[in-house]
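Now for the letters of each chain:
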Amino acid sequence: QVQLVESGGGLVQTGGSLRLSCAVSRRTSNINAMGWYRQAPGKQRELVASINSGGRTNYADVVKGRFTISRDNAKNTLHLQLNSLKPEDTAVYYCNAKYRLYSSSTAELDSWGRGTQVTVSS
(Lines give C-alpha, C1' and ligand atoms only; values in the text may rest on other atoms or scores of the structure.)
Protein backbone atom coordinates (compact mmCIF):
# COMPACT_ATOMS: atom_id res chain seq x y z
CA GLN A 1 0.00 0.00 0.00
CA VAL A 2 1.14 3.53 -0.74
CA GLN A 3 1.44 5.72 2.33
CA LEU A 4 1.51 9.50 2.09
CA VAL A 5 2.76 11.98 4.66
CA GLU A 6 2.30 15.72 4.10
CA SER A 7 4.42 18.46 5.59
CA GLY A 8 5.16 22.14 5.12
CA GLY A 9 1.89 23.72 6.16
CA GLY A 10 1.79 26.75 8.39
CA LEU A 11 0.62 30.29 8.96
CA VAL A 12 1.56 32.99 6.45
CA GLN A 13 0.40 36.47 5.55
CA THR A 14 -1.42 37.43 2.39
CA GLY A 15 1.00 37.45 -0.51
CA GLY A 16 3.36 35.04 1.17
CA SER A 17 4.61 31.68 -0.01
CA LEU A 18 4.63 28.14 1.28
CA ARG A 19 5.99 24.86 0.00
CA LEU A 20 4.17 21.64 0.78
CA SER A 21 5.75 18.22 0.51
CA CYS A 22 4.30 14.75 0.35
CA ALA A 23 6.54 11.79 1.09
CA VAL A 24 5.55 8.63 -0.77
CA SER A 25 6.35 5.20 0.64
CA ARG A 26 6.46 3.49 -2.76
CA ARG A 27 8.45 4.13 -5.87
CA THR A 28 6.62 6.51 -8.17
CA SER A 29 6.88 4.08 -11.08
CA ASN A 30 3.68 2.44 -9.84
CA ILE A 31 1.79 5.70 -9.37
CA ASN A 32 -0.55 6.72 -12.17
CA ALA A 33 -1.24 10.21 -10.93
CA MET A 34 -0.83 12.37 -7.86
CA GLY A 35 -2.56 15.48 -6.72
CA TRP A 36 -3.18 18.01 -4.04
CA TYR A 37 -6.66 18.59 -2.71
CA ARG A 38 -7.85 21.04 -0.11
CA GLN A 39 -10.83 21.38 2.16
CA ALA A 40 -11.89 24.51 3.98
CA PRO A 41 -14.30 24.41 6.93
CA GLY A 42 -17.85 23.82 5.77
CA LYS A 43 -16.82 23.19 2.18
CA GLN A 44 -16.32 20.18 -0.06
CA ARG A 45 -12.87 18.86 -0.75
CA GLU A 46 -11.64 20.24 -4.04
CA LEU A 47 -8.83 19.41 -6.42
CA VAL A 48 -6.08 22.00 -6.41
CA ALA A 49 -3.52 20.49 -8.76
CA SER A 50 -2.61 17.14 -10.25
CA ILE A 51 0.17 15.54 -12.22
CA ASN A 52 -0.05 12.31 -14.18
CA SER A 53 2.57 9.68 -14.95
CA GLY A 54 3.57 11.52 -18.09
CA GLY A 55 4.20 14.74 -16.20
CA ARG A 56 1.13 16.58 -17.46
CA THR A 57 -0.22 18.99 -14.88
CA ASN A 58 -3.65 20.39 -14.22
CA TYR A 59 -4.68 23.24 -11.95
CA ALA A 60 -7.87 24.62 -10.56
CA ASP A 61 -8.63 28.00 -12.09
CA VAL A 62 -8.45 29.77 -8.75
CA VAL A 63 -4.83 28.72 -8.20
CA LYS A 64 -3.49 28.69 -11.73
CA GLY A 65 -0.49 30.96 -12.05
CA ARG A 66 0.11 30.95 -8.31
CA PHE A 67 0.61 27.29 -7.41
CA THR A 68 2.99 24.79 -8.97
CA ILE A 69 2.87 21.03 -8.57
CA SER A 70 5.99 18.96 -9.11
CA ARG A 71 7.29 15.48 -8.46
CA ASP A 72 10.76 14.30 -7.54
CA ASN A 73 10.86 10.63 -8.52
CA ALA A 74 14.34 10.08 -7.10
CA LYS A 75 13.19 11.16 -3.65
CA ASN A 76 9.64 9.79 -3.95
CA THR A 77 8.27 13.19 -3.06
CA LEU A 78 5.45 15.36 -4.36
CA HIS A 79 5.57 19.13 -3.89
CA LEU A 80 3.18 22.01 -4.12
CA GLN A 81 4.62 25.50 -4.27
CA LEU A 82 2.08 28.06 -3.12
CA ASN A 83 2.81 31.67 -4.06
CA SER A 84 0.82 34.87 -3.75
CA LEU A 85 -1.32 33.30 -1.08
CA LYS A 86 -4.75 34.67 -0.30
CA PRO A 87 -6.97 34.20 2.75
CA GLU A 88 -9.31 32.07 0.65
CA ASP A 89 -6.48 29.57 0.22
CA THR A 90 -6.83 28.69 3.89
CA ALA A 91 -7.63 25.00 4.13
CA VAL A 92 -6.32 21.59 5.01
CA TYR A 93 -4.28 20.36 2.08
CA TYR A 94 -4.26 16.66 1.29
CA CYS A 95 -1.92 14.62 -0.84
CA ASN A 96 -3.51 12.00 -3.07
CA ALA A 97 -2.08 9.16 -5.11
CA LYS A 98 -3.72 6.89 -7.65
CA TYR A 99 -1.53 3.86 -7.99
CA ARG A 100 -1.11 0.22 -8.89
CA LEU A 101 0.02 -2.32 -6.32
CA TYR A 102 2.23 -3.93 -8.96
CA SER A 103 3.58 -2.49 -12.14
CA SER A 104 1.67 -5.12 -14.11
CA SER A 105 -1.64 -4.48 -12.35
CA THR A 106 -4.53 -2.89 -14.19
CA ALA A 107 -6.57 -2.08 -11.09
CA GLU A 108 -6.07 1.41 -9.71
CA LEU A 109 -6.02 2.09 -5.99
CA ASP A 110 -6.42 5.36 -4.14
CA SER A 111 -4.45 6.65 -1.17
CA TRP A 112 -4.73 9.81 0.93
CA GLY A 113 -2.49 11.58 3.37
CA ARG A 114 -3.80 12.95 6.64
CA GLY A 115 -3.44 16.57 5.56
CA THR A 116 -1.49 19.65 6.52
CA GLN A 117 -3.03 22.95 7.59
CA VAL A 118 -2.41 26.09 5.55
CA THR A 119 -3.63 29.34 7.08
CA VAL A 120 -3.34 32.69 5.31
CA SER A 121 -4.00 35.81 7.35
CA SER A 122 -5.26 39.06 5.84
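About the criteria used
- Residues numbered from 1 in each chain as written.
- Predicted model: local features only at pLDDT ≥ 70, side-chain atom pairs only at ≥ 80, totals over all residues.
- Heavy atoms only, no water.
- Buried < 20%, exposed > 50% of the residue type's maximum accessible area, 1.4 Å probe, protein only.
- Helix = DSSP H or I, 4+ residues; strand = E, 2+ residues; numbered from the N terminus.
- Pairing = 2+ DSSP bridges.
- Contact = heavy atoms within 4.5 Å.
- Core = buried A, V, L, I, M, F, W, Y, C linked by side-chain atoms within 4.5 Å.
- Axes fitted to C-alpha atoms, helices over the stretch in contact; angles between N-to-C directions.
- Disulfide = S-S within 2.5 Å.
- Patch = residues over 30% accessible without salt bridge, like charges linked within 9 Å, V, L, I, M, F, W, Y side chains within 5 Å.
- Areas by Shrake-Rupley, 256 points an atom, 1.4 Å probe, with all protein chains shown as cover.
- Salt bridge = Lys/Arg side-chain N within 4 Å of Asp/Glu carboxyl O.

Novice: Tell me about the pairing of strand 3 (residues 18–24), and please be specific about residues and values.
Specialist: Burial of strand 3 is extensive: five of the seven residues sit out of reach of the surface. The sheet contact formed by strand 1 (residues 4–7) and strand 3 spans four bridges and is antiparallel. Bridged to leucine 4 within strand 3 is valine 24. Bridging between strand 3 and strand 8 (residues 77–82) involves six bridges; their strand directions are antiparallel. What sits directly across from arginine 19, in strand 8, is glutamine 81.

Novice: How would you explain the environment of leucine 82 if you had to name every residue and give the values?
Specialist: Here leucine 82 is to be found in strand 8. Separated by 16 residues in the primary sequence, leucine 82 and arginine 66 place their C-alpha atoms 6.3 Å from one another. Dropping the residues within four chain positions of it, leucine 82 is found in contact with Gly16, Ser17, Leu18, Leu20, Arg66, Phe67 and Tyr93.

Novice: Please set out the nonpolar core residue by residue, giving values where relevant.
Specialist: Met34, Trp36, Leu80 and Tyr93 are the most contacted members of the largest nonpolar core, which has 30 residues in total. Listed by contribution, the elements that provide at least two residues to this core are strand 3, strand 4 (31–39), strand 5 (46–52), strand 7 (67–72), strand 8, strand 9 (91–99) and strand 11 (116–121).

Novice: Before we move on, could you go through the sheet that holds strand 8 and cite the residues and values that matter?
Specialist: The strand order across the open sheet formed by four strands is 1-3-8-7, and the pairing between neighbours is antiparallel. Single-partner strands in this sheet number two, and they are strand 1 and strand 7. Each strand of the sheet is rotated relative to its neighbour by a mean of 15°, with strand direction disregarded.

Novice: Help me get a handle on the side chain of arginine 66, residues and values and all.
Specialist: Position of arginine 66 among the secondary structure elements: in the loop between strand 6 (57–59) and strand 7. Among residues more than four places away in sequence, those in contact with arginine 66 are Gln81, Leu82, Asn83, Ser84, Leu85, Lys86 and Asp89.

Novice: An account of the state of the cysteines is requested, with residue identities and associated values reported.
Specialist: Scanning the model with the defined rule gives one disulfide in all. One disulfide in the model links cysteine 22 with cysteine 95; its S-S distance is 2.1 Å. On the S-S bond that ties cysteine 22 to cysteine 95, the torsion sits near -85°, and the link is left-handed. Of this pair, cysteine 22 sits in strand 3 while cysteine 95 is found in strand 9, placing the two residues 73 residues apart along the sequence.

Novice: So what's going on with unusual backbone geometry? Residues and values would help.
Specialist: The phi torsion at asparagine 76 lies on the positive side, around 50°, for a residue other than glycine. The residue serine 84 is not glycine, and still its phi comes out positive at about 50°. Looking at the element boundaries, serine 84 is found in the loop between strand 8 and strand 9.

Novice: Outline a nonpolar patch on the surface, listing residues and values.
Specialist: A cluster of nonpolar residues, Leu101, Tyr102 and Leu109, forms a patch on the protein surface that exposes about 280 Å² of accessible area. Summarising the element assignment, leucine 101 is placed in the loop between strand 9 and strand 10 (109–112). In this structure leucine 101 comes out as partly exposed when scored by relative accessible area, which is 35%.

Interpretation in functional terms is not warranted from these geometric data alone.
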